[in-house]
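# Summary of the model geometry
Spelled out from the first residue to the last, the chains are:
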Amino acid sequence: MIYTDRASAGRVLGGELAEWGLVAEAGAPGPLLLGLPRGGVPVAAGAREIVGGALDILLVRKLGVPWQPELAAGAIGEDGARVLNPDVLAHTELSAAALAGVEVAERAELERRRATWRAGAPAVPRAGRVVVLVDDGMATGATMVAACRVLRRQRPALVLVAVPVSSPEALRRAAAEADDVVCPLVPEQLGGVGTVYEDFHQLADAEVTAVLRAR
């Protein structure tokens, strides 16, 4: 399976979510689809065309171990949300000072993105909602695991992870954090998320902003 672009992948994903039973009903708020910037935002918008509901972003940043950035020592989110991974901290012996340095840098980037994409608008409330976390794919699953942990602090009724493609290992990691995972394509060997897209260009801030304003 090769997706044309992120929006078309989102519509495929929306069909999978509809089969799962996630379709907005008349008079009900419907699901809340949270795209992980940048790539997950147009995917979430495409899925929303099929299942309805609301669209927003989940701003989350991994606190990567400095010498192994893909290894998440924790994560931060909006409104001061912070979760740590005690196993990684113990295994790497990452000092409090080093972790603090990583957090300062990631908090600055998170705030930059919040100012750019939210432009002062509040986040859609997540408490009590059926929430779907959407990205354009998962290679390691580290970012999605971090997103799940940050989202849990906001007390949603249900947390689903939905991605167009994932490696088997990333799928297992996400499944351990979410209530369920929806993914139509899980190749045994994933050379990279971009390999299943014809158009997988690096999204600019303006493209993400345009998708969010169109909601």
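Refer to the structure printed above.
Presented here is a report on the structure given in the accompanying data block. (Residues numbered from 1 in each chain as written. Predicted model: local features only at pLDDT ≥ 70, side-chain atom pairs only at ≥ 80, totals over all residues. Heavy atoms only, no water.)

### Some thoughts on the sheet that holds strand β5 (residues 82-84)
Read from one edge to the other, the open sheet built from 3 strands follows the order β3-β4-β5, with strand pairing classed as antiparallel. Each of the sheet's edge strands pairs with one partner strand only, and the pair in question is β3 (60-65) and β5. Pairs of neighbouring strands in the sheet enclose a mean axial angle of 40°, with direction left out of account. Relative to β5, strand β4 (residues 68-77) is paired through 3 bridges, and the arrangement is antiparallel. Paired with Gly 74 across the strands is Leu 84, a residue of β5. Together, β3, β4 and β5 form the strand contacts of helix α4 (residues 96-117), whose direction differs from that of β3 by roughly 155°. (Pairing = 2+ DSSP bridges. Helix = DSSP H or I, 4+ residues; strand = E, 2+ residues; numbered from the N terminus. Axes fitted to C-alpha atoms, helices over the stretch in contact; angles between N-to-C directions. Contact = heavy atoms within 4.5 Å.)

### Observations regarding the nonpolar core
One finds Leu 133, Met 144 and Val 161 to be the most contacted residues of the largest nonpolar core, which totals 26 residues. For this core, the secondary-structure elements that each account for two or more residues are β1 (32-35), β6 (130-134), α5 (142-152), β7 (158-162) and α6 (168-175). Residue contributions to this core peak at 6 residues, all from α5. In this structure, Met 144 is in contact with Leu 36, Leu 133, Val 134, Asp 135, Met 138, Val 161, Val 163 and Ala 174, ignoring residues within four places of it in sequence. Counting 22 residues, the second-largest nonpolar core is a separate cluster that includes Leu 33, Leu 55, Val 165 and Val 196. (Core = buried A, V, L, I, M, F, W, Y, C linked by side-chain atoms within 4.5 Å. Buried < 20%, exposed > 50% of the residue type's maximum accessible area, 1.4 Å probe, protein only.)

### Topic: unusual backbone geometry
With an omega of 0°, the peptide bond running from Pro 37 to Arg 38 counts as cis. With respect to the element layout, Arg 38 can be found in the loop between β1 and α2 (40-51). Positive phi is not limited to glycine here, since Glu 93 has a value of about 55°. Relative to the helices and strands, Glu 93 resides in the loop between α3 (86-92) and α4. One non-glycine residue, Arg 155, lies in the positive phi region at around 60°. Tracing the backbone through its elements, the reader meets Arg 155 in the loop between α5 and β7.

### Description of the pattern of salt bridges
Counted according to the given criterion, the structure contains 16 salt bridges. Residue Glu 103 pairs with Arg 107 through a salt bridge whose shortest N-O separation is 3.9 Å. With a gap of 4 residues between them, Glu 103 and Arg 107 both fall in helix α4, about one helical turn apart. For Arg 113, the salt bridge goes to Glu 109, with nearest N and O atoms at 2.8 Å. In this pair, Arg 113 and Glu 109 both sit in helix α4, 4 residues apart, roughly one turn of the helix. One salt-bridge network, in which partners are shared between bridges, spans Arg 38, Glu 109, Arg 112, Arg 113 and Asp 205. (Salt bridge = Lys/Arg side-chain N within 4 Å of Asp/Glu carboxyl O.)

### So, the pairing of strand β2 (residues 54-57)
On any regular strand, side chains alternate: one points to one face of the sheet, the next to the other face. The two faces of β2 match: Ala 54 and Asp 56 on one face and Leu 55 and Ile 57 on the other face are all buried. Taken together, the 4 bridges between β1 and β2 define a ladder with parallel strand orientation. From the neighbouring strand, Leu 34 faces β2, where its bridge partner is Asp 56. Crossover β1 to β2 through α2 is right-handed. (Right-handed = clockwise from strand over helix to strand, strands pointing away.)

### Quick look at the side chain of Arg 129
With respect to the helices and strands, the residue Arg 129 is situated in the loop between α4 and β6. Comment: no salt bridge for buried Arg 129; closest opposite-charge side chain is Asp 56, at 8.8 Å. A polar side-chain atom of Arg 129 sits 3.2 Å from the main-chain carbonyl oxygen of Gly 30. Setting aside residues no more than four positions away along its own chain, Arg 129 makes contact with Pro 29, Gly 30, Pro 31, Leu 32, Ala 54, Val 124, Pro 156, Ala 157 and Leu 158. (Lys, Arg positive; Asp, Glu negative; His and termini not counted. Polar contact = N/O pair within 3.5 Å; in protein donor to acceptor, adjacent residues only side chain to side chain.)

### Some thoughts on the packing of aromatic side chains
Inspection of the entire model under this criterion finds 2 aromatic pairs. A ring pair is formed by Tyr 3 and Tyr 197, whose centres lie 5.5 Å apart and whose planes are at 45°; its orientation type is tilted. Here Tyr 3, found in the segment before α1 (6-20), pairs with Tyr 197, found in the loop between β8 (180-182) and α7 (205-213); they are 194 residues apart in sequence, far enough to count as distant. The exposure class of Tyr 3 is buried, given its relative accessible area of 3%. The exposure class of Tyr 197 is buried, given its relative accessible area of 5%. (Phe/Tyr/Trp six-rings, centres within 6.5 Å; stacked < 30°, edge-to-face > 60°.)

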